[in-house]
Amino acid sequence: MEKEDVKIVNKGQEDEMEISGYRLSRWKLALVGVGVVCTGGFLLLLLYWMPEWCVKGTCTRTSVREAEMVLLRSTDEFKRWFRAKVRIMLAPGKGPFASLDSQTNTAVANGHSPRSSDTPPEEFEKKYAEYQPVQIRHFTLHSTRYYWNDTIQNFVVFKGLEDEKVTCSSIHDDHSTGLTKDQQEYRRLFFGVNDIAVKVPSVFKLLIKEVLNPFYIFQLFSVILWSADEYYYYAAAIVFMSVISIATSLYTIKKQYVMLHDMVATHSIVRVSVCRDNNEIEEAMSTELVPGDILVIPTNGTIMPCDAVLVSGTCIVNESMLTGESVPVTKTNLPNPGKGPKGAEGDAVYSTEEHKRHTLFCGTNVIQTRFYSGELVKAVVVKTGFSTAKGQLVRSILYPKPTDFKLYRDAYLFLLCLVAVAGIGFIYSIVLSIMNEVPAKTIIIESLDIITITVPPALPAAMTAGIVYAQRRLKRIGIFCISPQRINICGQLNLICFDKTGTLTEDGLDLWGIQRVENGSFLLSEENAYKEALVKSQFVACMATCHSLTKIEGELSGDPLDLKMFEATGWILEEATEEETTLHNRIMPTVVRPPKQLLPEPMLSTEQDMELYELPSSYEIGIVRQFPFSSGLQRMSVVARLLGEKRMDAYLKGAPEVVASLCKKETVPENFSDVLEEYTKQGFRVIALAHRRLESKLTWHKVQNINRDAIEVNMEFLGMIVMQNKLKAETPSVLEDLRRASIRTVMVTGDNMLTAISVARDCGMILPQDRVIIADALPPKDGHAAQINWHYADNPTKHASTLSPRFEDIQIQLDEDGPGDEHSAMEHYHFAMSGKSFAVITEHFQDLVQKLVLRGTVFARMAPDQKTQLVEALQSVDYFVGMCGDGANDCGALKRAHSGISLSELEASVASPFTSRTPNISCVPSLMREGRAALITSFCVFKFMALYSIIQYISVTLLYSILSNLGDFQFLFIDIAIILLIVFTMSLNPAWKELVAQRPPSGLISGPLLFSVLTQILICLSFQTLAFIWVKKQPWYEVWTPSSDACNLSSTAHFSLDHNETEHDDHNIKNYENTTVFFVSAFQYLIVAIVFSKGKPFRQPSYKNWPFVLSAIILYAFLLFILFYRVDGIDWFLEIVCVPYQWRITILLIIAVNAAVCILMETFILDIILWKLVFSRDKQGSYGVTSASQTPQKGIDLTGSKFLPWLCCRKRRAPKARYMHLAQELLVDPDWPPKPKTTTEAKMPSSPENGSYQIISTS
């Protein structure tokens, strides 16, 4: 029954959760109440920390439909629990788009109601009093409201118009008339107020939440215990530290809330103009908006208060808040397919993602609008509040996913181990105390004290110190971080994906030349288009009109490629004012014209085919309609009209392959592919142009509503623009650094495949001698299964610049003739594929995906969602993936990668966890070095804190055996003067100056780290025990009393008697064992701090960290001073007793030998021997497929070849990371990599076999 009642909400989304229903149970509540009283409130705390226990402990299971309380669990790897109370709302209808007027059966969604909109809001309920109110069950979680849906018998979220699956034509026909006031208020019942409310909690609320943290509850327990044991000073110091820690934490959290609140609140509540159903324009507050409202966008622009789709007019929008890309974007009105030639056939369901070029997103800045005389720029509200793009973003900041990093999981395991050790000490102290007939109160206090010792109070603060320091260092070099926990993860990255344009190459493109086409064949290439002869050609007209440029404050602004292309024509762009548009019959808001000096004298020309029209006076082209560039379609087009002409022209530009496929075959030159290949192989960016004369029946109104598919067909191929995309100066050297550090690099671009391969070779991502295998996948067609054709890209070092179709076959044949060469040729290979091939492979060849991403280096023509899929595919084989892009169309991949870094001028782009102001990829190695330094710092600090706990635990356990303990001020001196000072200064080591091939381990539970910690524990245990036993063997030793005189100093005896008689009686602190153990342990803390504070190869050496060195020297000097020179005040304060000078020399010798053994074990045994045997094979970059220069097998053979070969062989069989395992399998696969000119076919779905889903057949 329980399983049947579990339902899934947000299915298939990132926040998918299982939901089960509960009803409050009185007897369970009573039982819990008794438990709370009996445990002194501790049970209440436990229920607060564990929502599932709270619900299950106080409620009984029921169906989700009848639930009073729901329990939700995330279905991701974190399995987090949430609880929410179900509330009931009375409403006139079941959903926001329900029909209210039963008599006329008018649909609310269509925006018609007999009632006038000027009725006061308080009469709203009276209006619907005749309706039988519907009870609607709902609950709120993470600023999202879930409503019960009777149809699907589950809770759903009402997001907006998209819930109704409205088509583009229905937005124009049914939703463009506006809503009445009543309908608006009714919808607001469900969608709520249009406000992204970030409530800043009161200090009291934050304080309660912070204080109820398990760590602080443990601190409170410890303080009460220490106070009961009369450790007042130490307890007071810990309280003081905790208060500072809580205050700092509260200040930081409050500041973050206030910053987020201010960021969200800025312009989020504005006055807006709304169209009502009677065509009246009404002023309202943006908080009143609901999906379906018609918003009038003001001429001078605004900050969008909601997500809305344009239904008339054009807007220039700055979307940097969302994408990090500061280039203004042109948004055009949503086409109305119903009015187009195809009619309803071309109609598509509206989606904010697919139609983002027509959607204005919340929080983005509308700079200015383009409108037509007498018409308003209108947009239909599609989403409000937290459902908007900005709302989702704020939600992700308010309720972030926990960072799943091995370090943190291992840290909890380590703490559990310490608690287990504490448990042993707990039992030991109880047994010992009972045997010595110690009073019950003392037994309880001292045994519980052991537990407080083993869990260090300063651990959380110590662990975050390294990250905070790293964040500061990153900020200094212009890298900003909105997710500090990810800095540690950067230390683990072993693969980086780079976008090409603007990331590896310069943002701007230079025009290299043009290649025009006439009568279906290419003309000779020309350097530029700024010629009198070409001024009236369709080619130049296309260059001048087919773009999304706009003038902002008199300056041309827009996409850099468009800018370069337009500037190359020398034309002038003018945006007509409202008055001027009347000259063009209200149809041309933007006009382009050539400069006067380029226009020939008004006389008839003989070259009619190169001319558009002869006009005696002016020559201007007006841009009537824009279909913006879409990375999914890889093209953009415009409809333009020459001044004085009735018929319009369509101009198209885009990826050459796409443009050619939309053109009439006879207009595309036969050698198109060869010419294109010549350019792309040399690394040029090629844009193709096309033109079509439109039918005279296409009027301006029809063009405004036509679908782009109706325009972008039967075009005439005009030719190609060849752009040079230069590499950024820093790119090759940075990629070389990454290659040397065995970091794999991958190019993910929207550009042409061969251009991308050429750039990859130029920048060193693919080495000159390496092979590139192109996987060309074709989807199933005409009953044939999907297939992949494998062919090898030409090796530029082995062929001439002229293209020979047969050369590739000859070269490959030569390679295959020599069996000795085949292996070396195959050793260094890379896969390259296009977005289309990637889509086919992911759908039909799932078995091949992981094999291909293992060696895939170039992924071209990739759509934004495919970039995200690629990142996921790489993560599926256990790569730690970094993504570096410009933030515009890489948002999904930047967020999905373990570490995304956006090259943006903004201080904090929400597109990715890291934002670099440095506009090149040099920030990537810097971030990785800082990540490695922060990670190693975390390990050092954790190891040190673990050792500190264990050393203190050993000291206390040894002293318990003689019914003694460390003194109040001894604890204080160790914890404050030594531990805090050392912990916060040892984290200051900066990152090492270069990236090295080896990577730090990802978790604490790894061979070298455990070996390091355990050996140091054993060494410290041995030397403390040695000193503890040895002191008892000394001839002068006796059980210390206030009258003891081991130093023959009567004054000391008298001094001790005055001050410590009661203390001796109560706690037996002052004795020779305590003094010996105190000195040895105090030095041990400093020894392990120095031993664990490692420098090279991930951090700068410790001697360069002057605060740490200074702290260590001062502490060493002070301890040596009080060891050899007695100061009565200090001795009294620290409760140490006088011992003979000879014994002090012995203590020094014990400490010196202890230090030597610790250093020898850590630096020689661990770093030199075990590092090479275990650590270098423990998920290192050199082990897997990291670069072209090193194969997996080489990586395995190189490491550990001199030590324990048998162990290495065993390790080689079972590598930890999946990509290593796969690399090993492929090394012995005779069919991999695929041979040239072969085809891989997918098996048909009916195939009964469950093994591999493809067959290899030589074509």
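Residues numbered from 1 in each chain as written. Predicted model: local features only at pLDDT ≥ 70, side-chain atom pairs only at ≥ 80, totals over all residues. Heavy atoms only, no water.

Undergrad: How would you summarise the environment of T667 if you had to cite specific residues and measurements?
TA: In this fold, T667 is placed in the loop between α20 (656–661) and α21 (672–681). Separated by 147 residues in the primary sequence, T667 and G520 place their C-alpha atoms 4.4 Å from one another. What T667 contacts, discounting residues up to four positions off in sequence, is V517, G520, M715, E716 and F717. For T667, the side chain forms a polar contact with the main-chain oxygen of K664, separated by 2.7 Å. (Helix = DSSP H or I, 4+ residues; strand = E, 2+ residues; numbered from the N terminus. Contact = heavy atoms within 4.5 Å. Polar contact = N/O pair within 3.5 Å; in protein donor to acceptor, adjacent residues only side chain to side chain.)

Undergrad: Before we move on, could you go through the side chain of T857 and cite the residues and values that matter?
TA: For T857, the location among the structural elements is in strand β37 (residues 856–860). Of the polar contacts made by the side chain of T857, one reaches the side chain of H830; its length is 2.7 Å. Apart from the residues within four sequence positions on either side, T857 is in contact with T745, V746, M747, M765, I766, H830 and F831.

Undergrad: Explain the pattern of salt bridges to me, and be specific about the residues and the numbers.
TA: Note that side chains of opposite charge can pair when their charged atoms are close. Across all of its chains, the model carries 25 salt bridges by this definition. A salt bridge links E66 to R23, with the shortest nitrogen-to-oxygen separation between them at 3.7 Å. Placement of E66 in the loop between β3 (59–62) and β4 (69–74) and of R23 in strand β2 (residues 17–24) is noted, with a sequence separation of 43 residues between them. Owing to a relative accessible area of 33%, R23 belongs among the partly exposed residues under this scheme. Between R276 and D293 there is a salt bridge, with its nearest N and O atoms 3.5 Å apart. Separated by 17 residues along the polypeptide, R276 in the loop between β10 (271–275) and β11 (281–285) and D293 in the loop between β11 and β12 (294–296) bring together distant segments of the chain. Both residues of the pair, R276 and D293, count as buried. It is possible to trace a salt-bridge network through shared partners that takes in K181, R276, E282, E288 and D293. (Salt bridge = Lys/Arg side-chain N within 4 Å of Asp/Glu carboxyl O. Buried < 20%, exposed > 50% of the residue type's maximum accessible area, 1.4 Å probe, protein only.)

Undergrad: Any chance you could break down the sheet that holds β11 for me, citing the residues and the numbers?
TA: Taken in spatial order, the 6 strands make up an open sheet running β11-β10-β12-β19-β14-β17, and their pairing is antiparallel. Strands with a single pairing partner mark the edges of an open sheet, and in this sheet they are β11 and β17 (359–360). (Pairing = 2+ DSSP bridges.)

Undergrad: Tell me about the pairing of β37, residues and numbers included.
TA: Burial analysis of β37 places 5 of its 5 residues in the buried class, which makes it a mostly covered element. Pairing between strand β33 (residues 744–748) and β37: 2 bridges, direction parallel. Paired with V748 across the strands is F859, a residue of β37. With 4 bridges joining them, strand β36 (residues 829–834) and β37 adopt parallel strand pairing. By the bridge assignment, M833 is partnered in β37 with F859.

Undergrad: For the packing of aromatic side chains, give the residues involved together with the corresponding values.
TA: Taken as a whole and assessed by the stated rule, the structure comprises 31 aromatic pairs. Among the aromatic side chains, those forming a connected cluster through ring pairs are F139, Y146, W148 and F155. Across the ring face of W992, the terminal group of K993 is positioned such that the distance to the ring centre comes to 3.9 Å. (Phe/Tyr/Trp six-rings, centres within 6.5 Å; stacked < 30°, edge-to-face > 60°. Lys NZ or Arg CZ within 6 Å of the ring centre and 35° of its normal.)

Undergrad: Describe the packing of helix α10 (residues 232–265) against helix α33 (residues 968–986), and please don't skip the residues or the numbers.
TA: Where α10 contacts α33, the axes come no closer than 7 Å and their chain directions differ by 30°. Overall, the two elements α10 and α33 adopt an arrangement that is roughly parallel. Contacts between α10 and α33 involve Y232, Y233, Y234, A237 and M241 from the first element and D968, F969, F971, L972, D975, I976 and L980 from the second. Across the contact of α10 with α33, the residue classes tally to 10 nonpolar, no polar and 2 charged. (Axes fitted to C-alpha atoms, helices over the stretch in contact; angles between N-to-C directions. Parallel < 35°, antiparallel > 145°, perpendicular 65-115°, else oblique. Nonpolar A, V, L, I, M, F, W, Y, C, P; charged D, E, K, R; others polar.)

Undergrad: Would you mind going over helix α28 (residues 835–844) in detail, with residue names and values included?
TA: Taken as a whole, α28 has its buried residues at G835, S837, F838, V840 and I841. If you follow the buried residues of α28, they end up packed against β34 (771–778), β35 (787–792), β36, α29 (846–855), β37 and α30 (864–876).

Undergrad: Residue-level account of the nonpolar core, with values.
TA: Ranked by size, the top nonpolar core spans 89 residues in total, and within it F944, M945, L947, I978, I979 and I982 carry the most contacts. Of all hydrophobic cores here, the second largest spans 45 residues; its members include L474, I479, I489 and V772. (Core = buried A, V, L, I, M, F, W, Y, C linked by side-chain atoms within 4.5 Å.)

Undergrad: Tell me about the state of the cysteines, and please be specific about residues and values.
TA: Throughout the structure, instances matching the rule amount to 0 disulfides. Summary of cysteine pairing: C306 is not part of a disulfide, and the nearest cysteine sulfur, belonging to C362, is at 6.8 Å. (Disulfide = S-S within 2.5 Å.)

Undergrad: Give a detailed account of the sheet that holds strand β32 (residues 716–724), specifying residues and quantitative values.
TA: Across the sheet, which stays open at both edges, the 9 strands sit in the order β23-β22-β32-β31-β30-β29-β28-β27-β26 with antiparallel pairing between neighbours. What marks the edges here is a single partner per strand, and that holds for β23 (521–522) and β26 (572–575). In this structure, strand β27 (residues 590–593) lies alongside strand β28 (residues 621–630), joined through 3 bridges in antiparallel fashion. Residue pairing for β28: V592 is matched across the bridge by I621. Strand contacts of α21: β22 (510–518), β23, β31 (684–693) and β32, with the helix running at about 10° to β32, the strand carrying the most contacts.

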